[in-house]
Amino acid sequence: MKLKDTIHRDLYKHLFILVLVLLCVFSSARVTGAQMADVFNNLDQMGIFLQRFLSPDWHYIPKIIEPMLKTIKMSVVGTTLGVVFAVPFSFLATTVVTKNFFVTTIIRFLMSIVRTIPNLLLAALFVAMFGIGEFTGVLTIAVFTFGMVSQLIYEAIETIDHGPIEAAESVGATKTQIAFWSIAPQITHQIASYSLYAFEVNIRASTILGYVGAGGIGVILNSSLSLMRYDRVSIIILSILVVVITIDWISEIIRKRLV
C-alpha cells in the first residue's frame, strides 16, 4: 500500500468539508451582522463589569436565602408532579402495555408537543394565565418534567424483558395487573434515577424562570442585573453553584445505592 493511499486518501474530502464549514460560518456572520470587532470595542465596559462582578457583596447573602429556598421548593414540587403524571402516560405511550398502535401514537404526539415548548415560553404563558408567583414556576417545572421524564420512561419500557409479561398474560392477567406486576418492577430503579436527574435539571432551569415572573431566585437575579449590581449577581451565581453541586452530590449517592 502506498503512502498516499493511507494519509492522503481522504484529504480532498476533508478540505471540502472544512471549506464548506468556513463558508457557512462566514455567511451566517454576514447575515446576522455579527462583528468580532464589537468585542474589542467594548473592552472598557467589560472591564467595569468584571471589576464589579469579581467583588461579591457578601453582606447580601442573608437576603437570597429565602428566594433560594423557594427555588428548591418549586423544583421539588414541580418535579414530583411531573413524574407522577409522567409514569401513567409513559405506560400508555408504548404498545408493550396498550397493544394499541392508535392510542400509543396519540399519546406520543401529545408528549412531543409538550417537549417542543421551551421553559421560558411555558413560564410566560402560565404567567399570562395565572399571574406572577411561585405557583407559575411549579406548573412550568411540572410540565417540563412531564415531557422529559415520560419519554425516558417509555423508552425504558420498550427495552424490558417480555418474559414476565408473557407469563402474566398466560394466566389471564389484565393490562393493569401486567403494568403493576410485570413491567413496573423492571423499571423502578430507572424511574427513580430519571426523577433525580430531572430534579437536578430543574434546579438549574428554575433559576431563570424569574425573568418572566415565575418566582424564586431568578427574580432577584433579574432585578440585580437590571440595576447593574454585578457584585450581587456574582454572589447569587455562587449560591446557585453551591446548591447545584450539593444536589448533584446527594443525587449521585442516592443513584449509587439504587443500583
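Since the model is a prediction, treat every value here as computed from it, not as a measurement. (Residues numbered from 1 in each chain as written. Predicted model: local features only at pLDDT ≥ 70, side-chain atom pairs only at ≥ 80, totals over all residues. Heavy atoms only, no water.)

(A) Structural detail: the overall build of the protein. Check the secondary structure of the protein and you find 13 helices and zero strands. Reading the protein from its N end, one meets helices and strands in the order α-α-α-α-α-α-α-α-α-α-α-α-α. Overall, the C-alpha framework of the protein stretches about 75 × 70 × 40 Å when taken along its three principal axes. Considering the protein as a whole, with its 259 residues, one finds that 34% of them fall into the buried category. Taking contacts inside the protein between residues at least 6 apart in sequence as the whole, the part at least 24 apart equals 76%. The protein carries 19 positive and 16 negative side-chain charges, and their two centres are separated by 3 Å. (Helix = DSSP H or I, 4+ residues; strand = E, 2+ residues; numbered from the N terminus. Buried < 20%, exposed > 50% of the residue type's maximum accessible area, 1.4 Å probe, protein only. Contact = heavy atoms within 4.5 Å. Lys, Arg positive; Asp, Glu negative; His and termini not counted. Charge placed at Lys NZ, Arg CZ, Asp CG, Glu CD.)

(B) Quick peek at the nonpolar core. Counting 24 residues, the largest nonpolar core has Phe91, Ile157, Ile160, Ile183 and Ile187 as its most contacted members. Secondary structure elements with two or more residues in this core: helix 5 (61–92), helix 6 (95–98), helix 7 (101–116), helix 9 (134–157), helix 10 (163–170) and helix 11 (175–206). Counting residues per element, this core draws most heavily on helix 9, which supplies seven residues. When neighbours within four sequence positions are excluded, Ile183 is seen to be in contact with Phe91, Val96, Val97, Ile157, Ile160, Ile165 and Ile178. Judged by nonpolar contacts, the second largest core, of 16 residues, contains Tyr60, Ile203, Ile235 and Val244. (Core = buried A, V, L, I, M, F, W, Y, C linked by side-chain atoms within 4.5 Å.)

(C) Expanded view of the packing of aromatic side chains. In the structure shown here, the tally under the stated rule is five aromatic pairs. For the ring pair Phe49 and Phe53, a centre distance of 5.3 Å and an interplane angle of 20° mean the geometry is stacked. Pair noted here: Phe49 and Phe53 are both in helix 4 (residues 43–53), with a separation of four residues, about one helical turn. Centre to centre, the rings of Phe126 and Phe130 are 6.0 Å apart; their planes meet at 40°, and the pair counts as tilted. Linking Phe126 with Phe130, this pair stays in helix 8 (residues 119–130), spanning four residues, or about one helical turn. Taking the relative accessible area as the measure of exposure, Phe130 reaches 47% and is therefore partly exposed. (Phe/Tyr/Trp six-rings, centres within 6.5 Å; stacked < 30°, edge-to-face > 60°.)

(D) Representation of a nonpolar patch on the surface in the model. On the surface, Trp58, Ile61, Ile65, Leu69, Leu238, Leu241 and Ile245 cluster together into a nonpolar patch covering about 660 Å² of accessible area. Elements represented by at least two residues in the nonpolar patch include exactly helix 5 and helix 13 (230–258). Locating Ile65 in the fold gives a position in helix 5. (Patch = residues over 30% accessible without salt bridge, like charges linked within 9 Å, V, L, I, M, F, W, Y side chains within 5 Å. Areas by Shrake-Rupley, 256 points an atom, 1.4 Å probe, with all protein chains shown as cover. Salt bridge = Lys/Arg side-chain N within 4 Å of Asp/Glu carboxyl O.)

(E) Here's a closer look at the environment of Ser150. Within the secondary structure, Ser150 is located in helix 9. Ser150 sits 45 residues away from Ser195 along the chain, and the two C-alpha atoms are 10 Å apart. Excluding its chain neighbours within four sequence positions, the residues that come into contact with Ser150 are Ala86, Ser90, Met111 and Thr145.

(F) A look at the side chain of Ser224. Tracing the sequence through the fold places Ser224 in helix 12 (residues 217–226). Side-chain polar atoms of Ser224 contact the backbone oxygen of Ile220, separated by 2.9 Å. Contacts of Ser224, omitting those with residues within four sequence positions, involve Tyr60, Arg229, Arg232, Val233 and Ile236. (Polar contact = N/O pair within 3.5 Å; in protein donor to acceptor, adjacent residues only side chain to side chain.)

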